[in-house]
Amino acid sequence: MTQPHINAIATAVPRHEAHAVFREWAEARIADPRQRKLFGRMADRSGIAHRWTVLAPPADGSQTGFNGFYGRGMPPTSARMDIYAREAPDLVMQAAAGLERLDEVTHLVLASCTGFIAPGIDQIVARRLGLSPSVERTLVGFMGCYAAVAALRTARHIVRSEPAARVLVVTVELCTLHLQADEEVDEILTMLLFGDGAAAAIVSAEPVGIALGTPFSATLPDSAALIGWTIGDTGFDMTLSGAVPAHIREAIASGVMQRAFGEPDRIDGWAVHAGGRTVLDAVEQGFDLAPDALAESRAVLHDFGNMSSATLMFVLARVLADRRRVANGVALAFGPGLAIEGFAYRTAR
């Protein structure tokens, strides 16, 4: 049976810093000094130093950051989608510029959950990259943070059925387009996590890079309300419960993930979606991992925050660049459901 590989991964983020701007914007919304102090402490402990946004700072400094986008109330969903339609393809182009032999691409699988447009972003990207009009396109939408797994799993199935296929896998998210008017600290801390980013990868049968092994999926019982997105009049409103890390630990304790990929003591590589410090802590503690086992994930969280579906691709890019031999690796991501998606992997030459 043909063995699909991730041959290369290239990533891109916008050039505008979001983390410090968001903290200033958020603190101005919290009236209670004690709650504002609590927010500051939690932000300091987030494990995030930088996040990036497509929203430029105002040229004259006269408005609240994000190019004044949130300076005069909450903009409607239509205004947010206008920016998505313009900026998301540009960010994909930046990422794809790091790949070679795009003229040989036979399939495009694109994942995104922070915007909608028709003709779809898959068609826009295919046209701008100069891909053949005959390229087969698949759009993975609104699956959230584990959409990268779904996209890579789809590419794996394509290559296994068509060994000559060369699949371009893209993830792009503009999370900063969806800030909300919440003044509760818990809700503002949820928004603190997210940034913008894009990644592009080539998956083929060429035995170079990261070999994609067996995928797995599990939806945890009684958890549907923990993570969700609602499309409202002022963007996409996300629910992210503080109970998510505890449910992840419970899932590990129940053996649901071990049944999918085996006992953790045989795993020598971990590529975990950097959903937040507490999520990574839950995985580390639940599996009793060494302190450096999730180093790539924590580095991505520190440098970029949570970019929804693009985040795991950034982690895998570091795995690929590290060139460390991994014989039995596991990639994991968590998202709406609460569902756990992943796949086994190993590194090739």
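A brief structural summary. Predicted model only: the values in this text are computed from it and were never measured. (Residues numbered from 1 in each chain as written. Predicted model: local features only at pLDDT ≥ 70, side-chain atom pairs only at ≥ 80, totals over all residues. Heavy atoms only, no water.)

## Section: the pairing of strand β10 (residues 235-240)
Regular strands place side chains that alternate from one sheet face to the opposite one. Condition: We call two strands paired when DSSP finds no fewer than two bridges between them. Secondary structure elements are taken from DSSP: a helix is a run of H or I of four residues or more, a strand is a run of E of two residues or more, and numbering for both begins at the N terminus.
Pairing analysis gives six bridges linking strand β9 (residues 227-232) to β10, with the strands arranged antiparallel. Bridge pairing in β10 places W229 opposite M238. Linking two consecutive strands that pair antiparallel, namely β9 and β10, is a turn of two residues.

## Observations regarding helix α7 (residues 244-254)
Residue pairs three or four apart in sequence face the same way in an α-helix, which turns once every 3.6 residues. Stated formally: Exposure is judged per residue with a 1.4 Å probe applied to protein chains only, and the accessible area is read against the type maximum: over 50% gives exposed, under 20% gives buried, and values in between give partly exposed. Arc, as used here, means the arc of the directions from the helix axis to the C-beta atoms. Whether two residues are in contact is decided by their heavy atoms, any of which lying within 4.5 Å being enough.
Among all positions in α7, only V244, P245, H247, I248, A251 and I252 are buried. For α7, the angular spread of buried residues about the axis comes to 160 degrees, placing them on one side. Along its buried surface, α7 packs onto β9, β10, α8 (258-261), α9 (277-287), β12 (329-335) and β13 (339-347). Remark: G255 follows α7 within two positions and exhibits a positive phi of approximately 90 degrees.

## Some points on the side chain of Q180
Operational definition: Under this definition, polar contacts are N or O atom pairs within 3.5 Å; protein pairs additionally need one hydrogen-donor-capable and one acceptor-capable atom, and for neighbouring residues in sequence, both atoms have to be side-chain atoms.
Looking at the element boundaries, Q180 is found in the loop between β6 (166-174) and α6 (185-192). On the accessibility criterion, Q180 (8% relative accessible area) is buried. Here H178 takes part through its backbone oxygen, which lies 3.3 Å from a polar atom of the side chain of Q180. Polar contacts involving the side chain of Q180 include one to the main-chain carbonyl oxygen of T234, which spans 2.8 Å.

## Section: the environment of H247
Tracing the backbone shows H247 in helix α7. Residues H247 and A282, 35 residues apart in the sequence, show an inter-C-alpha distance of 8.9 Å. Ignoring anything within four residues of it in the chain, the contact list for H247 reads L220, D222, S223, L226 and L338.

## Brief notes about the packing of aromatic side chains
Let me state the cut-off plainly: Aromatic rings from Phe, Tyr and Trp, with only the six-membered ring used for Trp, were paired whenever their centres fell within 6.5 Å, and each pair was classed as stacked if the ring planes differed by under 30 degrees, edge-to-face if by over 60, and tilted otherwise.
In total, this model carries eight aromatic pairs according to the counting rule given. When the centroid spacing of 5.0 Å and the interplanar angle of 35 degrees are considered together, the rings of W270 and F287 count as tilted. Taken together, the positions of W270 in strand β11 (residues 269-272) and F287 in helix α9 put the pair 17 residues apart, joining distant regions of the chain. For the pair W270 and F287, a shared accessibility class is recorded, and that class is buried. Put simply, the rings of F116, F142, W229 and F236 touch in pairs and so form one group of aromatic residues.

## A short note on helix α5 (residues 147-161)
The following threshold applies: Given a helix with a known number of residues, its expected span is that number minus one, times 1.5 Å.
With 15 residues, α5 should cover 21 Å at 1.5 Å per step; its first-to-last C-alpha distance of 21 Å lies within 8% of that length. Turning to α5, its buried residues are A147, A148, V149, A150, A151, L152, A155, R156, I158 and V159.

## What about the nonpolar core?
Operational definition: Side-chain atoms within 4.5 Å link the members of a nonpolar core, which is a set of buried Ala, Val, Leu, Ile, Met, Phe, Trp, Tyr and Cys residues.
L168, W270 and L332 are the most contacted members of the largest nonpolar core, which has 66 residues in total. The contact partners of L332, leaving out residues within four places of it in the chain, are F216, M257, F261, W270, A271, V272, H273, F287, L312, I340, E341 and G342. Judged by nonpolar contacts, the second largest core, of 42 residues, contains A150, A155, A310 and A331.

## So, unusual backbone geometry
At the junction of A118 and P119, the peptide bond is cis and its omega measures out at 0 degrees in the coordinates. Along the polypeptide, P119 turns up in the loop between β4 (107-112) and α4 (121-129). Despite not being glycine, D288 shows a phi value in the positive range, around 55 degrees. With respect to the helices, strands and loops of the structure, D288 is situated in the loop between α9 and α10 (295-304). On the basis of relative accessible area, D288 is assigned to the exposed category, the value being 69%. In this model, S308 sits at a positive phi of 55 degrees, which is unusual for a non-glycine residue. You can see S308 is positioned in the loop between α10 and α11 (310-322).

## Regarding the pattern of salt bridges
Convention followed: Salt bridge criterion: a side-chain nitrogen from Lys or Arg within 4 Å of a carboxyl oxygen from Asp or Glu.
For the coordinates displayed, the defined rule picks out 14 salt bridges. Of the charged contacts, one joins E27 and R23 as a salt bridge, the two residues approaching to 4.0 Å between their closest N and O atoms. Placement of the pair is E27 and R23 together in helix α1 (residues 19-27), with a separation of four residues, close to one helical turn. When salt bridges that share partners are traced, they join R277, D281, E284 and R298 into one network.

## Here's the deal with the pairing of strand β5 (residues 136-141)
Put simply, the rule reads: For crossovers, right-handed means that the path from the first strand over the helix to the second runs clockwise, given strands pointing away from the viewer.
The pairing of β4 with β5 spans six bridges and is parallel. Directly across from A111, in β5, lies its bridge partner V140. Handedness of the crossover joining β4 and β5 through α4: right-handed.

## Some details on the sheet that holds β4
To keep it simple, the criterion reads: Axes here refer to lines fitted to C-alpha atoms; in helices the fit is confined to the stretch in contact. Angles between the N-to-C directions go from 0 to 180 degrees.
Pairing within the open sheet is mixed, and its nine strands lie in the order β5-β4-β6-β7-β1-β8-β13-β12-β11. Single-partner strands in this sheet number two, and they are β5 and β11. Between one strand axis and the next, the sheet turns by 25 degrees as a mean value, whatever way the strands run. As paired elements, strand β1 (residues 5-12) and strand β8 (residues 210-219) share two bridges and run antiparallel to each other. The partner of H5 across the bridge, within β8, is A211. Along the sheet face, helix α3 (residues 77-96) touches β1, β4, β6 and β7 (196-204) and points at about 135 degrees away from the line of β6.

Any functional reading would require information beyond the geometric quantities listed.
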